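The residues making up each chain are set out below.
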Amino acid sequence: MANYLYHNDLPDGLNLGPVVAIDCETMGLNPHRDRLCLIQMSGGDGDCHLVQVSKGQAGAPNLCAMLTDPAVLKLFHFGRFDIAALLNAFGVVTAPVYCTKIASKLVRTYTDRHGLKVLLQDMLGIDISKHQQQSDWGAPKLTAAQLDYAASDVLYLHQLKAAFDVLLQREDRTAVAQACFDFLPTRAALDLHGWPETDIFTH
């Protein structure tokens, strides 16, 4: 397992495969105020590829080509936030997508605990540290501890997806899950356009 850190974009010719786990680190939870700092990705092979985003950067051609590639499934945990952050930073709609948090809420209805740390413990027996979660991701030089933390958010998502696929099928919720995943980029766009908390489907 290794971490590969790049600046501003993925290198030319890098192919992460047909399913890429993605997570983002930002300066905070408001995409209009808090800039995107780091994008971490894994093809499910145990390696993590991280792109550090410069302040004011508005493009990343190789990264954006992968985000919009219809042949590459982008795998998230709470993709709503990450998709919005990527859209706000680079102006691209990430699709197609899969979100393990949505999958969890559809099949783990016996609990209200759907955080990644809990899911990895309960479903895969994997314990990850959240110690660096609130560190300064805008620092010009990231520490090894920060990179390891960032990597832990994507390294196990392929295994988690496989487990959820089984549960979704068992509970006859695969189709509704797919419909939710398909809508997720629109939900993220609504967040950016001013409807983060409003349910537009209510009366």
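Quick note: structure is the one above.
Residues numbered from 1 in each chain as written. Predicted model: local features only at pLDDT ≥ 70, side-chain atom pairs only at ≥ 80, totals over all residues. Heavy atoms only, no water.

(A) Molecular detail of the pairing of strand β2 (residues 19-26). Across the 8 residues of β2, 7 count as buried, placing the element largely inside the fold. Across 3 bridges, the pairing between β2 and strand β5 (residues 73-76) is parallel. Note that in β5 the partner of Val19 across the bridge is Leu73. Relative to strand β3 (residues 36-42), β2 runs antiparallel, the two being bridged by 6 bridges. Within the sheet, the bridge partner assigned to Glu25 lies in β3 and is Leu38. (Buried < 20%, exposed > 50% of the residue type's maximum accessible area, 1.4 Å probe, protein only. Helix = DSSP H or I, 4+ residues; strand = E, 2+ residues; numbered from the N terminus. Pairing = 2+ DSSP bridges.)

(B) Representation of the sheet that holds β5 within the structure. Strand order in the open sheet formed by 6 strands is β1-β4-β3-β2-β5-β6, with mixed pairing between adjacent strands. Every other strand in the sheet has two partners, leaving β1 (3-7) and β6 (97-99) as the edge strands with one partner each. Ignoring strand direction, the axes of neighbouring strands in this sheet form an average angle of 25°. For β5 and β6, the ladder comprises 3 bridges, and the chain directions are parallel. By the bridge assignment for β6, Phe76 is matched with Cys99. Of the strands in this sheet, β2, β3, β5 and β6 are in contact with helix α2 (residues 79-90), which crosses β3 at around 120°. (Axes fitted to C-alpha atoms, helices over the stretch in contact; angles between N-to-C directions. Contact = heavy atoms within 4.5 Å.)

(C) Representation of the packing of helix α4 (residues 116-124) against helix α6 (residues 157-170). Close contact between α4 and α6 brings their axes to 11 Å; oriented N to C, the two are set at 65°. Classified by the interaxial angle, the pair formed by α4 and α6 is roughly perpendicular. Crossing of α4 against α6: the hand is left-handed. Together, Leu116, Leu119, Leu120, Met123 and Leu124 of α4 and Leu157, Gln159, Leu160, Ala163, Phe164 and Leu167 of α6 make up the contact between the two elements. Its residues assigned to classes, the contact of α4 with α6 shows 10 nonpolar, 1 polar and no charged. (Parallel < 35°, antiparallel > 145°, perpendicular 65-115°, else oblique. Left-handed = near helix turned anticlockwise from the far one by under 90°. Nonpolar A, V, L, I, M, F, W, Y, C, P; charged D, E, K, R; others polar.)

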